[in-house]
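Descriptive analysis of the structure
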Amino acid sequence: MSTVVTVPKNGTSQEKKNVTGLPSFSSWIDNFFDTDLGTGLLSNFNHGMTLPAVNIKEDNENYFLELAVPGMKKDDFNVELDNDLLSISVESKTEDEVENEYYTRREFGYSSFKRTFTLPDTVETEKISAKYQEGILNIHIPKREEAKRKPSKRIDIS
């Protein structure tokens, strides 16, 4: 009997398995779910969209949020502000179902996500705007005058 050490792709843990010729059916099933195919099948199957990637930029006068959400329409988005909490959500369904089709795996048809951001109290909440173009949702968040950086000033010593 020999010992095989398996290391996952991320290299974080090691597990020892004994090898004795042909695997049993139960160990074959266990090995299937130890692979990327098995965990991917379980973790992503029919759960809709994952959270979109977000870039947050800041300049002297504004904050900018960019969310990567390709394949959506601007009407799919719901952007709300509740006090200092900005929420961006999507819920979309495709109605293009074919009656006599048999799917082995179906990963589309319904998708949703919700991202929330706590805004500082130094933003002009009345002036927040959003625009969706080429798969990117851009949200412009202007700063209040008191939050803007003032230019440096020389102070003379008396």
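Provided above is the structure to which this section pertains.
Described below are features of the structure shown in this document.

Reading the values: rules and limits
Counting restarts for each chain: residues are numbered from 1 in the order of the written sequence. Owing to the predicted nature of the model, reporting of local features is limited to residues with pLDDT of at least 70; listing and counting of side-chain atom pairs is limited to 80 or more, with chain, interface and lining totals taken over all residues. Heavy atoms throughout the structure, all of them, feed into the side-chain values; hydrogens and water do not. Excluding any residue in a salt bridge, patches collect residues exceeding 30% relative accessible area, merging like charges within 9 Å and nonpolar Val, Leu, Ile, Met, Phe, Trp and Tyr side chains within 5 Å. Exposure was quantified through the Shrake-Rupley algorithm and a 1.4 Å probe, taking into account, for residues, occlusion by the shown protein chains and nothing else. Only one rule defines a salt bridge in this text: a Lys or Arg side-chain nitrogen within 4 Å of an Asp or Glu carboxyl oxygen. For the charge count, each Lys or Arg is scored as positive and each Asp or Glu as negative, with His and the chain ends excluded. In plain terms, the charge of a residue is placed at NZ if it is Lys, CZ if Arg, CG if Asp and CD if Glu. Numbering of helices and strands runs from the N terminus; a helix is a DSSP stretch of H or I covering at least four residues, while a strand is a stretch of E covering at least two. Three exposure classes are used, based on accessible area relative to the maximum for each residue type with a 1.4 Å probe and protein chains only: buried under 20%, partly exposed in between, and exposed over 50%. Between two residues, a contact is recorded if the distance between any of their heavy atoms is within 4.5 Å. We treat two strands as partners when DSSP finds at least two bridges between them. Stacked, tilted and edge-to-face pairs are distinguished by plane angle, under 30 degrees for stacked and over 60 for edge-to-face with tilted covering the rest, among Phe, Tyr and Trp rings (Trp via its six-membered ring) whose centres lie within 6.5 Å. Counted as over-ring charges are cases with an Arg CZ or a Lys NZ within 6 Å of the ring centre that also lie within 35 degrees of the ring normal.

Here the focus is a negative patch on the surface. There is a patch of like negative charges on the surface, built from Glu-80, Asp-82, Asp-84, Asp-121 and Glu-146. Inspection of the secondary structure assignment puts Asp-82 in strand S5 (residues 77–82). The exposure class of Asp-82 is exposed, given its relative accessible area of 53%.

The next point concerns the environment of Leu-85. Considering the arrangement of structural elements, one finds Leu-85 in strand S6 (residues 85–93). Judged by relative accessible area, which is 33%, Leu-85 ranks as partly exposed. With 33 residues separating them along the chain, Leu-85 and Thr-118 place their C-alpha atoms 4.6 Å apart. Not counting residues up to four positions away in its chain, the partners in contact with Leu-85 are Glu-80, Thr-116, Phe-117 and Thr-118.

Relative to the elements of secondary structure, Glu-145 occurs in the segment after strand S9 (136–142). In this structure Glu-145 comes out as exposed when scored by relative accessible area, which is 53%. Separated by 22 residues in the primary sequence, Glu-145 and Val-123 have C-alpha atoms spaced 8.8 Å apart.

As paired strands, S5 and S6 are joined by six bridges and run antiparallel to one another. Considered in S6, the bridge of Val-79 is made with Ile-88. Turn length for the S5-S6 hairpin, with the two strands adjacent in sequence and antiparallel, is two residues, and the turn residue Asn-83 shows positive phi of about 60 degrees.

The subject of this paragraph is the pairing of strand S8 (residues 129–133). Pairing of S8 with S9, which is carried by five bridges, proceeds in the antiparallel orientation. From the neighbouring strand, Gln-133 faces S9, where its bridge partner is Ile-136. What sits between the antiparallel neighbours S8 and S9 is a turn of two residues, in which Glu-134 has the positive phi angle 50 degrees.

Aromatic rings in a pair are described by how distant their centres are and how their planes are angled relative to each other. Here the structure, examined in full by the defined rule, presents one aromatic pair. Ring geometry for Phe-77 versus Tyr-132: centroids 4.9 Å apart, planes at 50 degrees, classification tilted. With Phe-77 in strand S5 and Tyr-132 in strand S8, this pair connects stretches of sequence that are 55 residues apart. The ring of Tyr-63 carries the charged tip of Lys-143 above its face, separated from the ring centre by 4.9 Å.

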